[in-house]
Amino acid sequence: MIKNMPKRYVNIKELSTYTSLPVKSLYEWASQGRIPSIKIGRRRLFDLKEIDSFMGSLKCSFNQQEKTANKILGDLHGNGI
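Residues numbered from 1 in each chain as written. Predicted model: local features only at pLDDT ≥ 70, side-chain atom pairs only at ≥ 80, totals over all residues. Heavy atoms only, no water.

S.K.: Mind showing me how you'd approach the overall build of the chain here?
M.R.: The number of helices and strands found in the chain is 4 helices and 3 strands. Here the chain holds 81 residues, and the buried ones make up 19% of them. Considering only contacts within the chain whose residues lie at least 6 apart along the sequence, 48% involve residues at least 24 apart. Here the chain has roughly 6700 Å² of accessible surface; of this, 56% comes from carbon and sulfur atoms. (Helix = DSSP H or I, 4+ residues; strand = E, 2+ residues; numbered from the N terminus. Buried < 20%, exposed > 50% of the residue type's maximum accessible area, 1.4 Å probe, protein only. Contact = heavy atoms within 4.5 Å. Areas by Shrake-Rupley, 256 points an atom, 1.4 Å probe, with all protein chains shown as cover.)

S.K.: What exactly am I supposed to notice about the nonpolar core here?
M.R.: Side chains of a nonpolar character, in soluble globular proteins, are inclined to be buried together. In terms of nonpolar packing, the biggest core is built from 10 residues, these being Val-10, Ile-12, Leu-15, Leu-26, Ala-30, Ile-35, Phe-46, Leu-48, Ile-51 and Phe-54. Of all elements in the fold, only α1 (12-19), α2 (23-32) and α3 (48-57) reach the threshold of two or more residues within this core. Broken down by element, the residue count for this core peaks at 3 residues, all from α3. (Core = buried A, V, L, I, M, F, W, Y, C linked by side-chain atoms within 4.5 Å.)

S.K.: What am I meant to see in a nonpolar patch on the surface here?
M.R.: On the surface, Tyr-9, Ile-38 and Ile-40 cluster together to form a nonpolar patch covering roughly 270 Å² of accessible area. Checked against the element boundaries, Ile-38 lands in strand β2 (residues 38-40). The exposure class of Ile-38 is partly exposed, given its relative accessible area of 33%. (Patch = residues over 30% accessible without salt bridge, like charges linked within 9 Å, V, L, I, M, F, W, Y side chains within 5 Å. Salt bridge = Lys/Arg side-chain N within 4 Å of Asp/Glu carboxyl O.)

S.K.: I tried to follow the pattern of salt bridges on my own but got confused; where do I start?
M.R.: Inspection of every chain in the model, using the stated rule, returns 2 salt bridges. Put simply, Lys-7 and Glu-14 hold a salt bridge, and the shortest N to O gap is 2.5 Å. A relative accessible area of 43% places Lys-7 in the partly exposed class. Among the residues examined, Glu-14 registers a relative accessible area of 30% and is labelled partly exposed. Note that Asp-47 is salt-bridged to Arg-8, the shortest N-O span being 2.8 Å.

S.K.: Can you help me understand the sheet that holds strand β1 (residues 9-10) in this one?
M.R.: Sheet strands associate in pairs through backbone hydrogen bonding, adopting either a parallel or an antiparallel arrangement. With antiparallel pairing, 3 strands are arranged side by side in an open sheet as β1-β3-β2. Here the strands that pair on one side only, and so sit at the sheet edges, are β1 and β2. By the bridge criterion, 3 bridges tie β2 to strand β3 (residues 43-47) in an arrangement that is antiparallel. Residue pairing across strands places Ile-38 opposite Leu-45, the latter belonging to β3. (Pairing = 2+ DSSP bridges.)

Dropping the structure here:
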């Protein structure tokens, strides 16, 4: 391997460290097709570029967070709490 070249494909344990997600969840999601992966024989690899894109698609926008907070606060005030 070329020195100082960033790694593009990682195994499940490396992906777990990279994303802070449990290995078990990653295995389940990969087998269900919920996250992008490459299966070569019994081995499953993950393209970090695709994982970054996937994780970015899960982000909530500020407006979504604000609407959720307003709904919770509105429900609390509306119920007299």
